[in-house]
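For reference, the chains in residue letters:
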Amino acid sequence: SSEKWELDLEELVLGEEVGSGQFGLVWQGYWRDLKVAVKTVRDCAMSEEDFKEEAQIMMKLSHSKLVQLYGICTQRSPIYLVFEFMENGCLTDFLRGRKGTLSQEMLLGMCLDVSEAMAYLESSNFIHRDLAARNCLVSEDYVVKVSDFGMTRFVLDDQYTSSHGSKFPVKWSAPEVIRYCRFSSKSDVWSFGVFMWEVYSEGRLPYENRTNGEVVEALTAGMRLLKPRLSPQTVYQLMEWCWKEKPEDRPSFALLLHELACLSET
Ligand code: ADP
């Protein structure tokens, strides 16, 4: 039942605002003695009934490289989503703020962390749908964790959910997602390739000078993102593998995890 995941509002203390996202404001806070991030959901930003059902599944997903959802408060509007708190914030900002200071070991470690989370989601038959550096967060001890898994399905803004909308993450999307909204673990793999590109580009925006329309055209013509200066050839080969036109030609996350683990040992 849903009550199981319902947190008591009395046990929740809100602190300062730490950001704002697709659904509403994000606050730092405490649930009992645990430091948490509380996402508030603006009225009409989310299909709440659908979400409450799905939250059951999301709370059962538990892995050291996934940002844990602890529970929800739905007694009052706005509803609250209560997550594990990540001290070092969003990965895109983290990468941009530390440009030029991140070692090869750290960059590879970030890719490895996220491949672990994604291999877990893949084995749980759960599709992320919006994997990107902006949806990964950095912990106090610099572990990168995946956040916002599956959440785009509950966004009611069609500028965000339609592949033709202005907010749709075209630059991270596999061709079959852009064309037919065909999401799968293999379309997550495509996004993971773009994620690795972001890591090795220290948080730069992919296809910086192109519009979404131009990106679609370039991809159709067979063009791909270029090797970032900091990326070893071996890692770039993995990116290119993720960007194979046919989903079945791309590696699984289990295989990517294995390949990245091998690279980190050498
Ligand atoms: P979006 O919906 O645009 O992906 P989010 O709602 O996930 O954005 O988060 C907005 C901002 O709030 C993030 O960039 C980050 O700075 C902060 N934030 C979100 N979740 C957490 C968390 N679990 N711990 C710490 N900060 C967080």
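You'll find the structure just up there.
About the thresholds
Residues numbered from 1 in each chain as written. Predicted model: local features only at pLDDT ≥ 70, side-chain atom pairs only at ≥ 80, totals over all residues. Heavy atoms only, no water. Core = buried A, V, L, I, M, F, W, Y, C linked by side-chain atoms within 4.5 Å. Buried < 20%, exposed > 50% of the residue type's maximum accessible area, 1.4 Å probe, protein only. Contact = heavy atoms within 4.5 Å. Near = heavy atom within 4 Å. Polar contact = N/O pair within 3.5 Å; in protein donor to acceptor, adjacent residues only side chain to side chain. Areas by Shrake-Rupley, 256 points an atom, 1.4 Å probe, with all protein chains shown as cover. Helix = DSSP H or I, 4+ residues; strand = E, 2+ residues; numbered from the N terminus. Nonpolar A, V, L, I, M, F, W, Y, C, P; charged D, E, K, R; others polar. Phe/Tyr/Trp six-rings, centres within 6.5 Å; stacked < 30°, edge-to-face > 60°.

The next point concerns the nonpolar core. Of all hydrophobic cores here, the largest spans 71 residues; its most connected members are Leu91, Val114, Phe192, Phe195, Met196, Val199 and Trp243. In this structure Val199 touches Leu91, Leu95, Leu107, Met110 and Cys111, once residues within four positions along its chain are discounted. Judged by nonpolar contacts, the second largest core, of eight residues, contains Leu12, Trp31, Val36 and Val82.

Around the ligand, the surrounding shell holds 16 residues, and the nearest of these are Gln22, Lys39, Glu84, Met86 and Asp148. Separating a nitrogen atom of the ligand from a backbone N or O atom of Met86 is a distance of 2.9 Å. Starting from 550 Å² of accessible surface for the ligand in isolation, the protein chains cover 82%. Elements represented by at least two residues in the shell around the ligand include exactly strand 1 (12-20) and strand 3 (34-41). Residue composition of the shell around the ligand, grouped by class: eight nonpolar, five polar and three charged.

With that settled, the discussion passes to the packing of aromatic side chains. Under the counting rule described, the total for this entry stands at four aromatic pairs. For the pair Phe192 and Phe195, a centre-to-centre distance of 5.7 Å together with 20° between the ring planes defines the contact as stacked. With Phe192 and Phe195 both in helix 6 (residues 185-200) and three residues apart, the pair spans about one turn of that helix. Assigned by exposure class, Phe192 and Phe195 land together as buried. On the numbers, 5.6 Å between centres and 80° between planes, the contact of Phe192 with Phe253 is edge-to-face. Of this pair, Phe192 sits in helix 6 while Phe253 sits in helix 9 (residues 253-265), and the two are 61 residues apart along the sequence. Here Phe192 falls in the buried class, since its relative accessible area comes to 0%.

Without other data, these values stay purely geometric and don't point to any function.
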